[in-house]
Amino acid sequence: MKNNILNDLQNQSLISFLDMSRWAAAAIVFISHLRNPLFFSYGSINPEEVNVAIQIWYFITGWAGEGVIIFFVLSGLLVGASGYEKIKIGKFSTSSYLIDRFSRIYVALIPALILSYIFDYIGLTFFSDAGFWDHSHPMIYEKIDSAPFGTKLSFENFAANFFMLQHFFFDTLGSNSPLWTISAEFWFYIVFAIFALLKLDQKNHVKALLVLVILVFLYLLGFKFLYLLGYWLVGVFAGIIKSSNIIKPFYAFLLVLFSLVFSRIFINSSSSSLEIVLINYIVAISYGLLILSIRGRNIYFFTRFASLNKFLASFSFSLYLLHFPLMLFFLAILNNFQYFSEISLGYSPTNLEGLAIYFLLIVFISFFSYLFSLFTEKKTYLVRNWMKKNLLTRHRTT
């Protein structure tokens, strides 16, 4: 049983790599989203101002979608693959699993929803001239194709996001568009829980009912959930396949890099949904192969920076949950000061004032997210332990 994901997840080198993947993906999503309302799109830049640094910056900050794919694969590995191995060895508890998953999401999500609503409400009420919430801001108008954020700020959407209905049945809350991925994650967890029940020696009529429940879920959530689930399953397979020397980490890394470059070159505004999904699967599978190549190995680079990666990953979920409403709120406040009036139009990427705002907001929002995580993510174990002590113990004694 040594060659399985549960054993591999005791390997500091692999854990450090996964932590690095978490914070790097969250960071890329963040800096990509922050660039959109603050700077001109690449096609609108004066050709004389374009240099190698700007080309690299705009290229990397076009990977927000790919960052989300990495999140899904990571989740499939850490949740799905490890859960599957526990089922195989008889150590899986559906109730403990659900408590782990619910606490992981909701301890941070509930306060994040409240803060998102507050920031958007204040911004919409007092700083609406910025144009972020009605999409009259030229950068938002050009780059965001959803309904205006202000129209999505409602108690109905708050409740829908709390119950994980966003993206599939309702809009995300206000400006917090990234919350769509949290809903997808939640339903991945539910589908896996039903799968686990099927594997745990249920009676035939119970198994038939569970299969029916899964089919109803898949029907209601639709095709877009199925292809998202596929990304998650890539992570599951990267964990349940026995690690081997099928590919060396260096070559697997080059494959991931190639897939990321390929996606940036071939995904554009004219790409069809099918083309985008297929290219995203190339990214997911290449990253899954990288995970597989690192499992069971001790790589000095990852071990050397394990503490740093652990720290940065510790608030990556908080950063993901909060960054979008936070950045619009603070940009709107700055826009209210006459000195920063160019925020209302967008900056050239060579403008020093725009760059200063960009980097200062990266630092400030990251720090805010870290403080937020101290009271949410860092306390997850307390909520989890309380739930297991009070809910599971009470259930066993009745």
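Residues numbered from 1 in each chain as written. Predicted model: local features only at pLDDT ≥ 70, side-chain atom pairs only at ≥ 80, totals over all residues. Heavy atoms only, no water.

Asks: Explain the side chain of Thr61 to me, and be specific about the residues and the numbers.
Replies: For Thr61, the location among the structural elements is in the loop between helix 3 (52–60) and helix 4 (64–88). A distance of 2.7 Å separates a polar atom in the side chain of Thr61 from a polar atom in the side chain of Arg35. For Thr61, the side chain forms a polar contact with the main-chain oxygen of Tyr58, separated by 3.4 Å. Setting aside residues no more than four positions away along its own chain, Thr61 makes contact with Ile31, Ser32, Arg35 and Tyr358. (Helix = DSSP H or I, 4+ residues; strand = E, 2+ residues; numbered from the N terminus. Polar contact = N/O pair within 3.5 Å; in protein donor to acceptor, adjacent residues only side chain to side chain. Contact = heavy atoms within 4.5 Å.)

Asks: Can you break down the environment of Phe340 residue by residue, with the values?
Replies: Within the element layout of this structure, Phe340 appears in the loop between helix 15 (316–335) and helix 16 (352–375). Considered as a pair, Phe340 and Asn176 are 164 residues apart in the sequence and their alpha carbons are 24 Å apart. Setting aside anything within four residues of it in sequence, one finds Phe340 in contact with Leu334, Asn335, Tyr347, Glu353 and Ile357.

Asks: Describe helix 12 (residues 273–294), and please don't skip the residues or the numbers.
Replies: In this model helix 12 runs 32 Å from its N-terminal to its C-terminal C-alpha over 22 residues, within 8% of the 32 Å that 1.5 Å per residue would give. Looking one or two residues beyond helix 12, the residue adopting positive phi is Gly296, at roughly 80°. (Expected span 1.5 Å × (residues − 1).)

Asks: How would you explain the packing of helix 4 against helix 12 if you had to name every residue and give the values?
Replies: It is at 9 Å that the axes of helix 4 and helix 12 come closest, and there the two elements cross at 45°. With respect to their mutual orientation, helix 4 and helix 12 come out oblique. Our pair here, helix 4 against helix 12, has a crossing hand that is right-handed. Contacts between helix 4 and helix 12 involve Glu66, Ile69, Ile70, Val73, Leu74 and Leu77 from the former and Asn280, Val283, Ala284, Tyr287, Gly288 and Ile291 from the latter. Residues belonging to the contact of helix 4 with helix 12 are distributed by class as follows: nine nonpolar, two polar and one charged. (Axes fitted to C-alpha atoms, helices over the stretch in contact; angles between N-to-C directions. Parallel < 35°, antiparallel > 145°, perpendicular 65-115°, else oblique. Left-handed = near helix turned anticlockwise from the far one by under 90°. Nonpolar A, V, L, I, M, F, W, Y, C, P; charged D, E, K, R; others polar.)

Asks: Run through the side chain of Asp19, naming residues and quoting values.
Replies: Following the sequence through the fold, Asp19 ends up in helix 2 (residues 12–38). Residue classification places Asp19 among the buried residues on the basis of a relative accessible area of 10%. Setting aside anything within four residues of it in sequence, one finds Asp19 in contact with Asn309, Lys310 and Ala313. (Buried < 20%, exposed > 50% of the residue type's maximum accessible area, 1.4 Å probe, protein only.)

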